[in-house]
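Close look at the chain arrangement
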Amino acid sequence: MQDLLMLLADGSFHSGSDLGRQLGVSRAAVWKRIQRITQELGISVQSVQGKGYRLAQPLQLLNGDVIRRVFPALPVYMYESLGSTNEQAKQLLSEHSAPMAVLAEHQTQGKGRRGREWVSPFAQNLYLSYVWPITEGLNQIDGLSLVVGLAVSKAIQRLSGIAALLKWPNDVLIDGRKVAGILLELIGDPVELCHVVIGIGVNLNMLDLVDSIDQEWTSLSKEMGAIIDRTLFAQVLIEELDRYLEKQKTYGFASMKAEWLTQHAWQGRNAVLQIGSHSVSGKVVGVADKGELCLLVEGEERKYLGGELSLRLQDDS
Ligand code: BTN
C-alpha cells in the first residue's frame, strides 16, 4: 500500500489508469488497494468520476532512508502499520542487537501508561521505540523517564522554538495540554543482560479529528499553525535521545536534575498522587536524584517513585 500512498500523498487527483500504470497493476487492483487504505489505515480517499482518486488530506510520509543516512550505525526498522512499536521492538530484540529504533506510520494497538490506549492515526504523529541496552547495572535507569522527557522537549524546542514543560514522571505539555507521552518497558533479566524499550509518542500533525482521547491534548501543528516535517522531527529526536542517554549512562539523572526542574510544569502546585487505590495530597516541591517526586505532606517532605503512579492537580491550587 505504501507505493500507492506515496503516489497519492500530494492530495491531487490521480486517475485509476495512471496509478495502475505506475504501479504495474490493473485499475481493479488499484480500486482494491484504495479500499484497503480506507479500511485498514482509516485514511479517507475521495473518488470522483472522470478525475480519479485523491486523499481528503495530503499526507507526509516518514522517509526511513533519510533517517538511516543520518544514523548509519543505528539499525532503523520502519513499518507502515503494526500493533505497537514497543511490542515490535521486543520481538526484534530476540533476533537483533540493540540499540535500535522502531518507527511506524500507524499503530493499531498503541500502548499508553497504566493500560491506556495511545491513539495513533496514520502518518500524522511520531511513534518511536528506541531500544537501549543496560550495561552499567540498574542505576542506569534511575530517573530515565525524566531524562527521556528532557530529550523530547529539547527536540520540540529545536524544531518549533516552543518551550514545552514536563509533568512528572514523563508527560510533555504545552500550555497544560499533552503533546507527548513516554512508556518505558524493562526487558530481560536485571542481573544478566537487559534492555529498556523507550516508547515515545509525539503529536505532530494531528488536528481536531480525534475524539477518542480522554485527556486534554495538543499537537505541534496545532500550536504552530504549520505542518511539521515528521522525518526531520524523528531525526532531531533520535539525536537528542542519543545525547541525553549518553549523559544518563555516564553521569546519571542527578547531573540533569537542575535542567529538569527548570521545565517542571507543577513545581510548587498542590497535587494529588494516586498510588494504586490510595492517594496522597501535598505540595509538589521538586524531584530527587533518582527521579523520585518530592511532595510536602503535612510538613514532611516525602519521596515517591514508580511507573504506575499518577499525579493530578488539586482543585484548590
Ligand atoms: C503515555 O501514556 O503517556 C505513554 C504513551 C506512549 C506512546 C508510545 S507511541 C510509541 C510506543 N509504542 C506504543 O505502543 N506506545 C509508545
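For the structure, check the block above.
Okay, so let's go over this structure.

What counts and how
Residues numbered from 1 in each chain as written. Predicted model: local features only at pLDDT ≥ 70, side-chain atom pairs only at ≥ 80, totals over all residues. Heavy atoms only, no water. Near = heavy atom within 4 Å. Polar contact = N/O pair within 3.5 Å; in protein donor to acceptor, adjacent residues only side chain to side chain. Areas by Shrake-Rupley, 256 points an atom, 1.4 Å probe, with all protein chains shown as cover. Helix = DSSP H or I, 4+ residues; strand = E, 2+ residues; numbered from the N terminus. Buried < 20%, exposed > 50% of the residue type's maximum accessible area, 1.4 Å probe, protein only. Pairing = 2+ DSSP bridges. Axes fitted to C-alpha atoms, helices over the stretch in contact; angles between N-to-C directions. Contact = heavy atoms within 4.5 Å.

**Points about the site of the ligand**
What surrounds the ligand is a group of 20 residues, the closest being S84, T85, K111, R113 and K178. The separation between an oxygen atom of the ligand and a polar side-chain atom of S84 is 2.8 Å. The side chain of K178 places a nitrogen or oxygen atom 2.6 Å from an oxygen atom of the ligand. Relative to its unbound accessible surface of 420 Å², the ligand loses 98% to contact with the protein. Sorting the residues of the shell around the ligand by element identifies helix 5 (85-93), strand 5 (126-134), strand 8 (177-188) and strand 9 (194-202) as the ones contributing at least two each. The leading source of residues in the shell around the ligand is strand 8, at four residues.

**Digging into unusual backbone geometry**
The omega angle of the peptide bond from A98 to P99 is 5°, so this bond is cis rather than trans. Structurally, P99 can be placed in the loop between helix 5 and strand 4 (100-104). Cis geometry marks the peptide bond from W168 to P169; its omega dihedral reads 0°. Here the phi dihedral of A123 falls at roughly 55°; this positive angle occurs in a residue that is not glycine. Along the chain, A123 turns up in the loop between strand 4 and strand 5. Its relative accessible area of 6% is what places A123 among the buried residues. In this structure, D175 is a non-glycine residue whose phi angle is positive, near 50°. On the accessibility criterion, D175 (66% relative accessible area) is exposed.

**Description of the sheet that holds strand 6 (residues 165-167)**
Reading across the sheet, the seven strands line up as 3-4-5-9-8-7-6 and stay open at both edges, with mixed pairing between neighbours. The sheet terminates laterally at strand 3 (76-79) and strand 6, the two strands that pair on one side only. The mean inter-strand angle of the sheet, taken between neighbouring strand axes irrespective of direction, is 20°. Two strands pair when backbone bridges link them, and strand 4 and strand 5 are joined in this way by five bridges, in the antiparallel orientation. Counted as the bridge partner of M100 is V131 from strand 5. Of the strands in this sheet, strand 3, strand 4, strand 5, strand 8 and strand 9 are in contact with helix 5, which crosses strand 4 at around 140°.

Structural measurements only, silent on function.
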